[in-house]
Amino acid sequence: MAGEYITLENPATYPRFHSNANGVASGKYRSVQRISTKHLILLILLVCSTLIVSYVYWDVMVLTAGALPLSRGTSLAVDDMESSGLGNETLAEKLHREVRVLCWVLTTPKYHKTRAIHILRTWGKRCNKIYFMTSEPDDELPTVVLSKPDSYEVLWGKTKEAFVHIHEQMRHEADWFIKADDDTYLFLENLRYMLYPYSPEIPIYFGFNYKMVGTHQKNESYMSGGSGYVLSREALRIFAEGRNDSSKCRQEDDHAEDVEMGKCLFNLGVKAGDSRDEQLRNRFYPIAPFGALLSGNVGMDFWLYKYAYYNARSCMDCLSEYPVAFHYVDSKQLYVYEYFNYQFQLSGRTQVAERLPKKIREEELVIPESDNPLY
Amino acid sequence: MPRLFSTRRLFLAGKNAIYLLILGTIFYTVTLRLPGSLKSEEVVDPPPPRIFCIISTYEYRHTQVAIHTHRTWVRHCDHYLFVSDYSDHYLEPAVFMHMNDRWHRMRAYLEYVYKYHFHQGDWFLYCNDDNFVVVDNLRHMLKTYSPNELIYFGCKMRAPNGLVYMLEGSGIVFSGAALKRFALAALTNESICSSEAKGNDFTQELGRCLANVNVIAGDSRDKLQGHRFLPFDADLHLGSTFNQSLEHHKYFLDRSYYPVIDMHLPVSLHLICFHTKYIMNIYNMYYFAYVTRVFGVPRNLNIENERMVLENKTTLIDQSSP
């Protein structure tokens, strides 16, 4: 059936209509300015290619946006490990750089090959610097040969000489100076974690606190020598400069080095810090872990319970998750500790987000008083 | 006006019917199948294998040795049972008296566990009271096996006559099917499994019985051939080497199924079982394995780092520090 047409009498009235030859307008009319086909095709091509490119490179764009400094909050240890390929360091490496620890180990030539070398192979390599204070040099160990002989009678003298030597020659190599025995096991990363909040300009030293023996002032404390004690750079300077004062520090070389060190530092005004963690659990321990974990293994007249400055309860939960030092670890046990803490894999272990603690200023430093409930 | 919307065209006549039918089918398949494919498939891990621990002890060792095992790692088993020759407050053992031979005791223990506790575990770990066992790593190892397989694991040995058995001091793990087969087929049949006294060679007899009923002795080493069930003390494996002049070392060196190179066994990072000479070390090892952390050092290594750690005996932090 034929369509119907609109017949226009006078084409001039509707100038936009195209009229055909006999003055009749066609059925279609255009009221809007249409885009030409060429432009339309170009526009569609542009939009489609943008969509394709953004779909393909979506992941890359999200990642590069994530690497901007704005989007990084406090870094988690897990994230740090994953992005280490991009040049970020782990938390442990950052601490290694910022909290420099110089370790020195009291040893003797008799034990160079049976104990000292194993220390170097296990935790010794994690110190920023390590020196073995002994009376003869050794080809495998970084030794410092002291003039004092290696015997218990002059242990205090040897300790003094070692610290003075370090202060004179090596005080710029580190911020903290830790003394250990050759049967001590140290966790260097946890030590740095513990020391991070403190500035090395504070005169302070840490270890396992004991109540001072003999007649002593209130709250006088010394640190166990076996489990190691660590001095700040300022404390080392004060000690090295003040040790010749006979009213403050014992001038003879005998007596227990840890007791004399404690007396000397107390008299010189160096603070005896609290090395426990936030839950007040011990990080330094003067015997192997089972002593702190197993209650009832020894009687309550054991020297540890008698002289501990802070509560020294033994229980399965009584040691920190981030321990720093243990004593009486024989050379084979050093490797066992090393294996279980650094190499052993436990399936199903959850990763914990670790954050650096806040810095503490000297003015706000509070050291709790002795609270041993037993004696 | 042209009749654009005339319904005459939609009338079901001739070809229109076929077109409509095809259209309808397409519509149906698309709309009703699409929601199903949009839902992503959830892959659920099967539940971890349940471990039932059987700890063999004796009355004289209850307070010196077994109680420490009870306080530390035994809690990590799904269920556990102490077997002894006398009762105890804390250990609550199943008591077997008047049996002096270790083979007779082992037969009795396994039969008892099959009778009373078979439903409580998929895998059954038999060990002594001075073993330190990391049960979580055992679960991880057994994840790839089925408890319906006839297989058992331990520290594999080979007797001079070719018999393959597991060392008695180092933990033996049976699959559920193996325990069932042992209890039903082997224990009842004298020709398959002898019931004479065997003394200290009782695990050899166990190996013979299990081989007779077609239970395979599995390989308990990890992907890098590190050993997971270790015969001796942690000190020895990690801190020193075997000494051929010592009798119990020589016994192991002669009979070990896997070759021992350079007088030491490579220790897997996913260790399962140690023997402890000085029982107090169990607390140290338990504390280090489960509780302690080292600040800033991640503990979950991938396979590349594992290999590096095993070869160089060094830590990751050491590799990358300046």
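Everything quoted here is computed from the prediction, not taken from an experiment.

Student: Run through the packing of aromatic side chains, naming residues and quoting values.
Tutor: Under the definition given, this model contains 47 aromatic pairs over all chains. With a centroid separation of 5.6 Å and 50° between ring planes, the pair formed by F242 of chain B and F252 of chain B is classed as tilted. Residue F242 of chain B is located in the loop between α7 (234-239) and α8 (247-255), and its partner F252 of chain B is located in helix α8; the two are separated by 10 residues in the primary sequence. For F242 of chain B, a relative accessible area of 6% translates into the label buried. Linked through ring pairs, W104, W156, F163, Y205, Y229 and F239 of chain A together constitute an aromatic cluster. Taking NZ or CZ as reference, R126 of chain A lies 3.5 Å from the ring centre of Y342 of chain A, over its face. Directly above the ring of Y310 of chain A sits R276 of chain A, whose terminal nitrogen or CZ lies 3.8 Å from the centroid.

Student: So what's going on with the interface of chain B and chain A? Which residues, and what values?
Tutor: For an interface, size is often stated in terms of accessible area lost upon the parts coming together. Residue-level contacts link 52 residues of chain B with 50 residues of chain A. Roughly 4,800 Å² of surface becomes buried between chain B and chain A when both sides are summed, with 61% attributable to carbon and sulfur atoms. Counting the surface chain B buries against chain A, the share from its top three residues, R293, F295 and R299 of chain B, is 20%. Joining chain B to chain A, the criterion identifies one salt bridge. A salt bridge links E321 of chain A to R293 of chain B; the shortest N-O distance between them is 4.0 Å. Residue assignment for the side of chain B that touches chain A shows that the elements contributing at least two residues are α2 (62-71), α4 (135-142), α7, α9 (281-291), α10 (303-312) and α11 (316-320) of chain B. Top contributing element to the side of chain B that touches chain A by residue count: α9 of chain B, with 10 residues. Tallied by class, residues from the side of chain B that touches chain A come to 27 nonpolar, 17 polar and eight charged.

Student: Let's hear about the state of the cysteines: which residues, and what values?
Tutor: Applying the stated criterion across every chain yields a total of five disulfides over all chains. C249 of chain A shares a disulfide with C264 of chain A; S-S distance 1.8 Å. Across the S-S bond of C249 of chain A and C264 of chain A the torsion is about 75°, and the bridge reads as right-handed. Here C264 of chain A lies in helix α9 (residues 257-268) and C249 of chain A lies in the loop between α8 (233-242) and α9, a separation of 15 residues in the sequence. Of the residues examined, C249 of chain A reaches a relative accessible area of 2% and is grouped as buried. On the accessibility criterion, C264 of chain A (0% relative accessible area) is buried. Linked covalently through their sulfurs, C193 of chain B and C209 of chain B form a disulfide whose S-S length is 1.8 Å. Between C193 of chain B and C209 of chain B, the S-S dihedral sits near 85°, and the bridge is therefore right-handed. Taken together, the residues span a long stretch of sequence, with C193 of chain B in the loop between α5 (176-186) and α6 (202-212) and C209 of chain B in helix α6 at a distance of 16 residues. For C209 of chain B, a relative accessible area of 0% corresponds to the buried category. Cysteine pairing for chain B (bonded cysteines numbered in sequence order): 1-2, 3-4.

Rules used throughout
- Residues numbered from 1 in each chain as written.
- Chains lettered and ligands numbered in written order.
- Predicted model: local features only at pLDDT ≥ 70, side-chain atom pairs only at ≥ 80, totals over all residues.
- Heavy atoms only, no water.
- Phe/Tyr/Trp six-rings, centres within 6.5 Å; stacked < 30°, edge-to-face > 60°.
- Helix = DSSP H or I, 4+ residues; strand = E, 2+ residues; numbered from the N terminus.
- Buried < 20%, exposed > 50% of the residue type's maximum accessible area, 1.4 Å probe, protein only.
- Lys NZ or Arg CZ within 6 Å of the ring centre and 35° of its normal.
- Contact = heavy atoms within 4.5 Å.
- Buried area = accessible area lost by both parts, 1.4 Å probe.
- Salt bridge = Lys/Arg side-chain N within 4 Å of Asp/Glu carboxyl O.
- Nonpolar A, V, L, I, M, F, W, Y, C, P; charged D, E, K, R; others polar.
- Disulfide = S-S within 2.5 Å.

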